[in-house]
Amino acid sequence: MNEVIFGGVGKTYAGASVKAVDSLCMTLKGGEIFGFLGPNGAGKTTTIKMLAGILTPSEGSITVCGSDIVRDPIAAKRHIGYVTDSGVLFEKLTGREFVDFMADVYGVSAEARRKRADEIIARFALTDAFDSQIGTYSHGMKQKIAIAGALVHEPEVLVLDEPMVGLDPQSVREFKDIMRVHADKGNVVFFSTHVLDMAEKICDRIGIIDRGRLIMSGDLDEIRAAKGDESLEEIFLSVAGNAEAV
């Protein structure tokens, strides 16, 4: 079953007196887009890096499609496509070489990778730059090629840390469509964002984290009902952040 289960996950960095993530319990389900919201420093990126296998939880467990990310990381990571918020790529490679590299990592056939890459590259208007070195790309173009690389093996779990940063409005629209189609195939789409309006429009469920703790989770109708039919921005500001953190 395509799902991710966080079971009491915590993370404490060396020398820190406060947990970056504290007793996180939530389930991400196949077929849904889950938006992960919170002010700066709330624990969003730490959570995502633990899910991606970059950081090891100090406590608890993360299960990806039945595989534990710590005990069986290779099996778990086979199900994951991950786009980091750093935008760091292999700049000496061309866009095509990078996507081919990602396809090789996941054992994608030549025919399948060509079909999937061509579709995404065309939607992002990157066809003319696909054979140029990534080092010549703008930040937005690098973000697009990173997304193409994460999707080339059609992952059951697509994990995205601030994926819209640097994208132009047309590309944002295309990417929202890509996420919806990917989720509708029964896959998990999990992404962090500060763009509350977008989260409100495209997410099936959201979770709000603050100071490392998940303080609210559910679909928007449930959350609005609990908070008196407020907008997502009003809900977010009332339970977690402040205007400076959004």
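Attention here is on the structure that accompanies the text. This one's a predicted model, so the numbers in the text were calculated from it and none came from an experiment. All residue numbers refer to positions counted from 1 along the written sequence of the respective chain. Selection of residues for local features in this predicted model requires a pLDDT of at least 70, selection of side-chain atom pairs for listing and counting requires 80 or more, and totals for whole chains, interfaces and linings are taken over all residues. Hydrogens and water molecules were not included; the side-chain quantities draw on all heavy atoms of the structure.

1. Focus on the overall build of the protein chain
Logical step 1: Each helix corresponds to a stretch of at least 4 residues labelled H or I by DSSP, and each strand to a stretch of at least 2 residues labelled E; elements are numbered beginning at the N terminus. Helices and strands together make up the secondary structure of the protein chain, namely nine helices and ten strands.
Logical step 2: Radius of gyration here uses only the C-alpha atoms, and the compact-globule reference equals 2.2 Å multiplied by the residue count raised to the power 0.38. On C-alpha atoms alone, the protein chain measures out to a radius of gyration of 18 Å, which is about the 18 Å that the 2.2 N^0.38 rule sets for 246 residues.
Logical step 3: Projected onto its principal axes, the C-alpha positions of the protein chain cover 50 × 40 × 35 Å.
Logical step 4: The criterion used for residue contact is that any of the two residues' heavy atoms lie within 4.5 Å. Across the protein chain, the fraction of contacts at a sequence separation of at least 24, relative to all contacts at a separation of at least 6, is 68%.
Logical step 5: Accessibility throughout is a Shrake-Rupley quantity obtained with a 1.4 Å probe, and a residue counts as covered only by protein chains that appear here. For the protein chain, the accessible surface area stands at approximately 11300 Å², while carbon and sulfur atoms represent 49% of it.
Logical step 6: Neither His nor the chain termini are counted; the positive set is Lys and Arg, and the negative set is Asp and Glu. Charge coordinates come from a single atom per side chain, which is NZ of Lys, CZ of Arg, CG of Asp or CD of Glu. Taking the average place of the 27 positive charges on the side chains of the protein chain and the average place of its 36 negative ones, the gap between the two points comes to 3 Å.

2. Topic: a nonpolar patch on the surface
Logical step 1: A cluster of nonpolar side chains, contributed by Phe90, Phe101 and Val105, occupies part of the molecular surface with about 290 Å² of accessible area.
Logical step 2: Turning to its location among the elements, Val105 is positioned in helix 3 (residues 95–105).
Logical step 3: Relative accessible area decides the class of each residue, using a 1.4 Å probe on protein chains only: under 20% of the type maximum gives buried, over 50% gives exposed, and in between gives partly exposed. Relative accessible area serves as the criterion here: at 48%, Val105 is assigned to the partly exposed category. Each patch groups residues whose relative accessible area exceeds 30% and which form no salt bridge, using 9 Å between like charges and 5 Å between nonpolar side chains of Val, Leu, Ile, Met, Phe, Trp and Tyr. We count a salt bridge whenever a side-chain nitrogen from Lys or Arg sits within 4 Å of a carboxyl oxygen from Asp or Glu.

3. Considering the nonpolar core
Logical step 1: Think of a nonpolar core as a cluster: buried Ala, Val, Leu, Ile, Met, Phe, Trp, Tyr and Cys residues, connected wherever their side-chain atoms sit within 4.5 Å. Ile145, Phe175 and Met179 are the most contacted members of the largest nonpolar core, which totals 51 residues.
Logical step 2: A per-element tally of this core places helix 5 (residues 139–151) first, with six residues.
Logical step 3: Among all residues touching Ile145, those that are not within four sequence positions of it are Leu89, Gly95, Phe98, Val99, Ile121, Leu126, Phe130, Ile134 and Tyr137.

4. Some words on the pattern of salt bridges
Logical step 1: Using the criterion set out here, one finds 18 salt bridges in the structure.
Logical step 2: A salt bridge links Glu59 to Lys19; the nearest nitrogen and oxygen atoms lie 3.0 Å apart. Placement of the pair is Glu59 in strand 4 (residues 59–64) and Lys19 in the loop between strand 1 (3–11) and strand 2 (21–29), with a sequence separation of 40 residues.
Logical step 3: Residue Glu59 is classed as partly exposed on the basis of its relative accessible area of 30%.
Logical step 4: A salt bridge links Asp204 to Arg180; its shortest N-O distance comes to 3.0 Å.

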